[in-house]
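# An overview of the molecular structure
One-letter residues, chain by chain:
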Amino acid sequence: MLYLHIPFCHHKCTYCGFYSVAGSRDRDAYVGALCDELRMRSSQQQLKTVYFGGGTPSILSLQQLQRIVDTIRDNYDTSALQEVTLEANPENLTPSYLDGLAAMHFVNRLSIGIQSFRDDELHRINRVHSAQQAREAIHNAAASGFENVSIDLIMGLPGQTCDDFQTNLDALASLPDVEVVKHLSCYELTVEEGSILERQLRMGRLALPAEQTLVEEYGKLYDWCEVHGFEQYEVSNFCRPGYASRHNSGYWMRTPYLGVGAAAHSFDGTCRRWNVADIQCYVDGTAQGTVPFEEEQLSERDAYNEYLMTALRTVDGIDLERVPPSLRERLAMAVKPFVRQGLLTETPQGYKPTRGGLLHADGMAATLFEV
Ligand code: SF4
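Residues numbered from 1 in each chain as written. Predicted model: local features only at pLDDT ≥ 70, side-chain atom pairs only at ≥ 80, totals over all residues. Heavy atoms only, no water.

### Some words on the layout of surface pockets
Roughly 480 Å³ of volume is contained in the second largest pocket. Looking at the second largest pocket, it is lined by 25 residues, and the ones nearest its centre are Met1, Gln45, Pro256, Tyr257 and Leu258. Secondary structure elements with two or more residues in the lining of the second largest pocket: helix H9 (246-252), strand E12 (265-267) and strand E13 (271-275). Here the residues of the lining of the second largest pocket are counted per class, giving 10 nonpolar, 8 polar and 7 charged. (1 Å grid on protein atoms, 1.4 Å probe; cavity = no way out; pocket = protein on both sides within 12 Å on 5 of 7 lines; lining within 4 Å. Points joined across faces, edges and corners; volume = space filled by probe spheres on them. Helix = DSSP H or I, 4+ residues; strand = E, 2+ residues; numbered from the N terminus. Nonpolar A, V, L, I, M, F, W, Y, C, P; charged D, E, K, R; others polar.)

So, in structure tokens, the structure goes:
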């Protein structure tokens, strides 16, 4: 699995907690550094998935993307690639951009940051695109031959009512090209410390919906997914059968991956490493042949806790084969209250969260952690 971080955005959305910088920077220099790191860290291992994340990867020109794609093809074994995702924002997805992307024969999945099909909601969180551009992006993707599109929606936006959220779902269902939308990521808005949104909320300029509204929005989402043939496979992720994200599922299965770019994380099975979160340091470092990074060796306990955290967020839940034998009895005792409350069910393989349990995944994991 290979992840590439593209830390550029047109401007900052008010809720953003990702490492990205707004405005026009020297993207060529960054792409050059990224290609250098790709060469420095190449290995013989077959790549199964590639993920361009950000930031806004679709802010790169076709030439810049082609340079990265060529470097991957020249330095990695891409013969078994199954899924190559590019995160994209609607305003970049013009017919000519998408035709050029399709002509590279590399990206086979688009993850489009729609967030909302309503102009009032988009405006409140300072998104660049309009609702019309969101609809057009999906149409343009279909017209250029992209048949595997994922879209992101956000629940619990400032000022959102349950009916507003329903109009988002209705807008999605009524798209003429909805059949190319194979995957839906629907995240509950989180208020990041230090974000513009946090300040706006603190000053009373905006207000978040009540808890009960969110509960009702989840109900609308589940109903919509059932009617339109989408299965839930993780707390916030839904797909048509067979279209779960292979790359993200790999993270949840704790599969090793290589992350390149400023602020990108890597994991080799026991050690986590993260590159410096500063574009200039990153570019200067790679020019001298070293990428500044920090790393952390995971203990057996850390690895187990991480496994609990991710497993409880997926419908497959905890597989006892992946729990150290010495901890299984203690886990069996600790999950009993959750089984009684209907948040977990026992299976021959382990423990699966129910739909209600998925919403309490983080709380359950915190209780079950080994300290
Ligand atoms: S487009 Fe994404 S990464 Fe960029 S500012 Fe908005 S939320 Fe953050």
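### Describing unusual backbone geometry
Excluding glycine, a negative phi dihedral is what most residues carry, and trans is how most peptide bonds are arranged. A cis amide bond links glycine 54 to the next residue, glycine 55, at an omega of 20 degrees. The topology assignment puts glycine 55 in the loop between strand E4 (49-54) and helix H2 (62-75). The phi dihedral of arginine 254 falls on the positive side, at around 60 degrees, and the residue is not glycine.

### Digging into the pattern of salt bridges
Scanning the entire structure with this criterion turns up 13 salt bridges. When the shortest N-O distance is used, the salt bridge between arginine 118 and aspartate 164 registers 3.4 Å. Taken together, the positions of arginine 118 in the loop between strand E6 (109-115) and helix H4 (119-124) and aspartate 164 in helix H6 (residues 162-173) put the pair 46 residues apart, joining distant regions of the chain. Each of the salt bridges in this network shares a partner with another, and the network as a whole consists of Arg118, Asp120, Glu121, Arg124 and Asp164. (Salt bridge = Lys/Arg side-chain N within 4 Å of Asp/Glu carboxyl O.)

### Thoughts on the sheet that holds E4
Across the sheet, 9 strands lie side by side as E9-E10-E8-E7-E6-E5-E4-E1-E11; this open sheet has mixed pairing. Lying at the two open borders of the sheet, with one neighbouring strand each, are strand E9 (231-234) and strand E11 (258-260). Taking each pair of neighbouring strands and ignoring which way they run, the sheet shows an average axis angle of 20 degrees. Relative to E11, strand E1 (residues 2-6) runs parallel, the two being bridged by 3 bridges. Its bridge partner being in E11, leucine 2 is matched across the sheet by leucine 258. Each of E1, E4 and strand E5 (83-88) is contacted by H2, which is oriented at about 150 degrees to E4, the strand it contacts most. Seen against the sheet, H6 touches strand E7 (149-155) and strand E8 (181-188) and runs at an angle of roughly 170 degrees to E7. (Pairing = 2+ DSSP bridges. Axes fitted to C-alpha atoms, helices over the stretch in contact; angles between N-to-C directions. Contact = heavy atoms within 4.5 Å.)

### Quick word on the packing of aromatic side chains
With the rule as written, the count across this model stands at 9 aromatic pairs. When the centroid spacing of 5.3 Å and the interplanar angle of 85 degrees are considered together, the rings of phenylalanine 8 and tyrosine 30 count as edge-to-face. Separated by 22 residues along the polypeptide, phenylalanine 8 in strand E2 (residues 8-9) and tyrosine 30 in helix H1 (residues 27-40) bring together distant segments of the chain. Geometrically, the ring pair formed by tyrosine 218 and tyrosine 222 is tilted, given 6.0 Å between the ring centres and 35 degrees between the ring planes. Taken together, the residues span about one helical turn, with tyrosine 218 and tyrosine 222 both in helix H8 (residues 211-227) at a distance of 4 residues. Through a chain of ring-to-ring contacts, three or more aromatic side chains come together here, namely Phe8, Tyr30 and Tyr282. In this structure, arginine 27 is placed above the aromatic ring of phenylalanine 8, and the distance from its NZ or CZ to the ring centre is 5.7 Å. (Phe/Tyr/Trp six-rings, centres within 6.5 Å; stacked < 30°, edge-to-face > 60°. Lys NZ or Arg CZ within 6 Å of the ring centre and 35° of its normal.)

### Topic: the sheet that holds strand E14 (residues 293-297)
Backbone-to-backbone hydrogen bonds join strands into a sheet, with any given pair of strands oriented parallel or antiparallel. In spatial order, the strands read E12-E13-E14; together these 3 strands make up an open sheet with antiparallel pairing. Two strands close off the open sheet at either side, each with one partner strand: E12 and E14. Direction aside, the axes of adjacent strands within the sheet are offset by 15 degrees on average. Pairing analysis gives 5 bridges linking E13 to E14, with the strands arranged antiparallel. Bridging from a neighbouring strand, tryptophan 274 pairs with glutamate 294 of E14.

These values are about where atoms sit, not about what they do.
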